[in-house]
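Read off the chains here:
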Amino acid sequence: MAMANLASFTSNFPSAFDKLKKSSRGVQKNFRVSTIPQVKAVQSPAESDTGRWPRQRRPQNVDGDFFVDHTCIDCDTCRWMAPQVFTRVGEMSAVYKQPTCKEDRLQALQALLSCPTSSIRTEVPPHDILEAQKTFPIPIDEKKLPGVYHCGYHSPKSYGASSYLIVHPDGNVLIDSPKFTERLARKVEEMGGVRYMFLTHKDDVADHGKWAKRFSCGRIMHSGDVEACTADVETKLDGSGPWSLGQDIMLIHTPGHTEGSVCLFYKPLKILFTGDHLMMTESGLDIIEMYNRCSVGTQLDSVKKLLDLDFNWIIPGHGRRIQFEDVSEKKAVLEAFVEKYAQYSRAKNKWH
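Here the structure is a predicted model, which means the values were calculated and not measured. (Residues numbered from 1 in each chain as written. Predicted model: local features only at pLDDT ≥ 70, side-chain atom pairs only at ≥ 80, totals over all residues. Heavy atoms only, no water.)

Draft legend 1. Structural detail: the nonpolar core. Phe86, Leu264 and Phe273 are the most contacted members of the largest nonpolar core, which totals 62 residues. For leucine 264, the contacting residues outside a window of four places in its chain are Ile166, Val173, Ile175, Phe198, Ile249, Met250, Leu251, Ile271, Leu272 and Phe273. With 24 residues, the next largest nonpolar core counts Phe265, Val296, Leu307 and Ile314 among its residues. (Core = buried A, V, L, I, M, F, W, Y, C linked by side-chain atoms within 4.5 Å. Buried < 20%, exposed > 50% of the residue type's maximum accessible area, 1.4 Å probe, protein only. Contact = heavy atoms within 4.5 Å.)

Draft legend 2. Structural view of the environment of aspartate 176. Summarising the element assignment, aspartate 176 is placed in the loop between strand E11 (173-175) and helix H4 (182-190). The exposure class of aspartate 176 is buried, given its relative accessible area of 2%. Along the backbone, aspartate 176 and methionine 221 are 45 residues apart, and their C-alpha atoms lie at a distance of 9.9 Å. Once you skip the residues sitting within four places of it in the chain, aspartate 176 turns out to touch Ser162, Ser163, Phe198, Leu199, Thr200, His201, Asp204 and Gly275. There is a polar contact of 2.8 Å between the side chain of aspartate 176 and the side chain of threonine 200. (Helix = DSSP H or I, 4+ residues; strand = E, 2+ residues; numbered from the N terminus. Polar contact = N/O pair within 3.5 Å; in protein donor to acceptor, adjacent residues only side chain to side chain.)

Draft legend 3. Fine view of the side chain of asparagine 172. Topologically, asparagine 172 is positioned in the loop between strand E10 (164-166) and E11. A distance of 2.9 Å separates a polar atom in the side chain of asparagine 172 from the backbone nitrogen of histidine 168. From its side chain, asparagine 172 meets the backbone oxygen of glycine 193 in a polar contact 3.0 Å long. Setting aside its immediate chain neighbours within four residues, asparagine 172 contacts Leu165, Ile166, Val167, Met191, Gly192, Gly193, Val194, Arg195 and Tyr196.

Draft legend 4. Spatial organisation of helix H2 (residues 102-114). Across its 13 residues, H2 extends 18 Å between first and last C-alpha, which sits within 8% of the 18 Å expected from 1.5 Å per residue. Along H2, the positions that sit buried rather than exposed are Asp104, Arg105, Ala108, Leu109, Gln110, Ala111, Leu112, Leu113 and Ser114. (Expected span 1.5 Å × (residues − 1).)

Draft legend 5. How the structure looks around the sheet that holds E11. Read from one edge to the other, the open sheet built from 7 strands follows the order E8-E9-E10-E11-E12-E13-E14, with strand pairing classed as mixed. Each of the sheet's edge strands pairs with one partner strand only, and the pair in question is strand E8 (138-141) and strand E14 (235-237). Taken pair by pair, the neighbouring strands of this sheet meet at an average axis angle of 30°, ignoring direction. Pairing of E8 with strand E9 (residues 145-150), which is carried by 3 bridges, proceeds in the antiparallel orientation. Within the sheet, the bridge partner assigned to aspartate 141 lies in E9 and is leucine 145. (Pairing = 2+ DSSP bridges. Axes fitted to C-alpha atoms, helices over the stretch in contact; angles between N-to-C directions.)

Draft legend 6. Structural view of the environment of isoleucine 287. Looking at the secondary structure, you find isoleucine 287 in the loop between strand E20 (284-286) and helix H6 (296-305). Overall, the relative accessible area of 0% leaves isoleucine 287 in the buried class. Measuring from C-alpha to C-alpha, the distance between isoleucine 287 and valine 303 comes to 9.1 Å, with 16 residues separating the pair along the chain.

Draft legend 7. Examining the pairing of strand E13 (residues 218-222) more closely. Among the 5 residues in E13, 5 count as buried, and that is most of the element. Of the two faces of E13, both are covered, the one formed by Gly218, Ile220 and His222 as well as the one formed by Arg219 and Met221. With 3 bridges joining them, strand E12 (residues 196-198) and E13 adopt parallel strand pairing. Opposite tyrosine 196, over in E13, you have glycine 218 as the bridge partner. Tracing the backbone out of E12, into helix H5 (residues 208-215) and back to the parallel element E13 gives a crossover that is right-handed. Examined bridge by bridge, E13 and E14 share 3 bridges and lie parallel to one another. By the bridge assignment, methionine 221 is partnered in E14 with lysine 236. (Right-handed = clockwise from strand over helix to strand, strands pointing away.)

Draft legend 8. Expanded view of the packing of H4 against H5. Close contact between H4 and H5 brings their axes to 12 Å; oriented N to C, the two are set at 45°. For the element pair H4 / H5, the angle class is oblique. For the element pair H4 and H5, the recorded crossing hand is right-handed. Residues Glu182, Leu184, Ala185, Arg186, Val188 and Glu189 of H4 form the contact with H5, whose participating residues are Trp211, Arg214 and Phe215. Broken down by class, the residue content of the contact of H4 with H5 amounts to 5 nonpolar, no polar and 4 charged. (Parallel < 35°, antiparallel > 145°, perpendicular 65-115°, else oblique. Left-handed = near helix turned anticlockwise from the far one by under 90°. Nonpolar A, V, L, I, M, F, W, Y, C, P; charged D, E, K, R; others polar.)

Draft legend 9. Just the layout of surface pockets, in detail. Approximately 270 Å³ is the volume found for the largest pocket. As for the largest pocket, its lining consists of Trp80, Met81, Gln107, Gln110, Ile138, Pro139, Ile140, Asp141, His150, Trp313, Arg320 and Arg321. Elements represented by at least two residues in the lining of the largest pocket include exactly helix H1 (77-81), H2 and E8. If one sorts the elements of the lining of the largest pocket by residue count, E8 sits on top with 4 residues. Class assignment for the residues of the lining of the largest pocket results in 6 nonpolar, 3 polar and 3 charged. Volume-wise, the second largest pocket comes out at about 160 Å³. Taken together, Lys102, Arg105, Leu106, Leu109, Asp128, Glu131 and Ala132 make up the lining of the second largest pocket. (1 Å grid on protein atoms, 1.4 Å probe; cavity = no way out; pocket = protein on both sides within 12 Å on 5 of 7 lines; lining within 4 Å. Points joined across faces, edges and corners; volume = space filled by probe spheres on them.)

Read these as spatial facts, not as claims about activity.
See the structure below:
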């Protein structure tokens, strides 16, 4: 699966920011770029006496075994992994309903294991925690997306970002880095290991070095995002691409959130893995302007690059997955998002 240059995309369009009302199967009806910090929230200072995080049950939790303590960083992980158990209260997560069946309990335990700050806890040590650990990596949808898995074990080094595994006949691809655990590594090894680790951008690299050493896999990252901790990445993409990884994977340069942000387009299943470029939060479709490290205008230009690509799934590093009815609906939703953002930008500039 050699890397090869493909023709570049070009586009031009204005800045934008506001609510978008557009319905879609598997997509929330209200789309907006949130002004609330949904990801990468900053924890409060540690207690000066001990230097440790106090582990106190938040009073917003309902009574029962599962609870969230106040070290939560509001990364949203538990709320999309087990929405029937967790919700957002007071800018942090909390348990609003205790699990009442085996499936709900398993999803709550999976969220507990994936919480980057170990902020989800139980009053009684869970007797079935080992069974929950064995479920990772978790199939996203065995019928619609065979061979695509959520790795879980989100890392605080990546602000709680998700990592995904594509099981591929020419070699598996790990997208961004989960927290390294030998238990997860053994499961991935049983599934064929990792041939390539694709890093979407510099924020979500986590334990990439440990994973690369464990599987002797080649790491791929755009040179614009290479820093000291990723200087030894084996393949550094240059220019604006796009690039191909074999016959059915395309890498698309989408600068804006960072200079070197790149999306992975898995053609056979029509999935776009977007990293932090584009996501779905509880508030709607979002580019998280407040965490933009490069240029909002450039990031929106990069959103427009996606209009003519043949995908109907968005799987982001942060936030919820999106399934569109078809490619035409995807295009309509993205076009409306960009236009609404442009309208807000014009109004904001008028008042400033």
